[in-house]
Amino acid sequence: MTIIYEHDPIKFHEQVEPLLLDKEAENNLPLGILERLKNTQGKEACHLIRFQDNGKTTFMSMRTPPHLWIIPSLTHWEPAHIRAFVQYLVKEEHDVPGVLGERKAVEFFLKEWMDHTGQEAELQMEQGIFRLHQLKTIQKQKGHLIESDASHQPLVEDWLRQYGRETGEDHVVGRAEELAENLIADGRLHLWIVEGTAVSMASRARTTKNGATINAVFTPDRYKRKGYASQAVWHLTNKLLNSGYSFCSLYTDLANPTSNSIYRKIGYERIGDSVVYLFTK
């Protein structure tokens, strides 16, 4: 077993992509981030680590500060890899504010980390990972989906702040203006419009070789429980599938049965879990 710290995101992507593509939808986060790192050509800070056994990449992890270490969802993972990974992080004195990823692997990492450091971990979020290959037919409601433009910037900023507060994602709240500007400029942020009024939003997030992820699904309180989010996600999913992606994926808060039910009715199926833990100082 050899641990390799890679400095080149393009080379790292070439080495780990086959490993991650075995569960492409579940690994949309590391795959999507690596696509972004390739495009930024080293301008973004990152830590890229992979394990090699007999010339083959068998495990990986990565971090883009200030975010957390990502543990991928692998068809087969060995406890020995995670033990060695923990020992490596401790020995090299890497900053480890927390970890996220596939539940069983993350929980094993937590046990090893706490045994080595004595740090306790706090659960921040439990999410379901959902994937869709084919949409189910749902009742069409009045309204239509549009790409947001510069005229929607103040509205999108406000909604992103509300979305960040509801989901507990402080980084979204703090970066709402920047995120709104980027999402609109890239044509990724979509609004569901009813009688000329925006009532819900959904965004295309990262993409992988065969799929696209949807996030930032939000409906203000005054428009909730009217099916607007379902319409927005259905139509955005349909748009992405028609553009050539073979599947779409999204994350749900497992503590919110309503959203989980909505996505199942559209055709999304739960394929895995993702958990987020922060280490206490």
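Residues numbered from 1 in each chain as written. Predicted model: local features only at pLDDT ≥ 70, side-chain atom pairs only at ≥ 80, totals over all residues. Heavy atoms only, no water.

**Q** Quick question: what am I supposed to make of unusual backbone geometry here?
**A** It is generally the case that most residues other than glycine have a negative phi and that most peptide bonds are trans. In this model, Pro 65 is joined to Pro 66 through a cis peptide bond whose omega is 10°. A positive phi angle is found at Glu 93, which is not glycine, with a value near 55°. Its location among the elements puts Glu 93 in the loop between α3 (79-91) and β5 (98-102). Residues other than glycine seldom take positive phi values, yet Ala 216 does so here, at roughly 55°. Among the structural elements, Ala 216 can be located in strand β10 (residues 211-218). (Helix = DSSP H or I, 4+ residues; strand = E, 2+ residues; numbered from the N terminus.)

**Q** I would appreciate a short explanation of the pattern of salt bridges in the present structure.
**A** Should the charged atoms of two oppositely charged side chains come close, the side chains can pair. For the structure shown, the criterion picks out 15 salt bridges. Linking Asp 95 and Arg 63 is a salt bridge whose minimum nitrogen-to-oxygen distance equals 3.7 Å. Placement of Asp 95 in the loop between α3 and β5 and of Arg 63 in strand β3 (residues 56-63) is noted, with a sequence separation of 32 residues between them. Taking relative accessible area as the criterion, Asp 95 reaches 46% and is therefore assigned partly exposed. On the basis of relative accessible area, Arg 63 is assigned to the buried category, the value being 6%. (Salt bridge = Lys/Arg side-chain N within 4 Å of Asp/Glu carboxyl O. Buried < 20%, exposed > 50% of the residue type's maximum accessible area, 1.4 Å probe, protein only.)

**Q** It is not clear to me how the side chain of Glu 24 should be interpreted in this structure. Could you clarify?
**A** The topology assignment puts Glu 24 in the loop between α1 (9-21) and α2 (28-40). Buried and without a salt bridge, Glu 24 has Lys 209 as its closest oppositely charged side chain, separated by 7.6 Å. (Lys, Arg positive; Asp, Glu negative; His and termini not counted.)

**Q** Just checking my understanding: could you explain the layout of surface pockets for this structure?
**A** Remark: the empty space left among the atoms is shown by a probe the size of a water molecule rolled over them. Estimated volume of the second largest pocket: approximately 240 Å³. Lining the second largest pocket we find 13 residues, and of these Leu 19, Asp 22, Lys 56, Thr 57 and Thr 58 sit closest to its centre. Among the secondary structure elements, those contributing two or more residues to the lining of the second largest pocket are α1 and β3. Looking at the lining of the second largest pocket, its residues break down into four nonpolar, six polar and three charged. (1 Å grid on protein atoms, 1.4 Å probe; cavity = no way out; pocket = protein on both sides within 12 Å on 5 of 7 lines; lining within 4 Å. Points joined across faces, edges and corners; volume = space filled by probe spheres on them. Nonpolar A, V, L, I, M, F, W, Y, C, P; charged D, E, K, R; others polar.)

**Q** What exactly am I supposed to notice about the environment of Asn 210 here?
**A** For Asn 210, the location among the structural elements is in the loop between β9 (197-207) and β10. For Asn 210, a relative accessible area of 34% puts it in the partly exposed group. What Asn 210 contacts, discounting residues up to four positions off in sequence, is Glu 24, Tyr 245, Ser 246 and Phe 247. (Contact = heavy atoms within 4.5 Å.)

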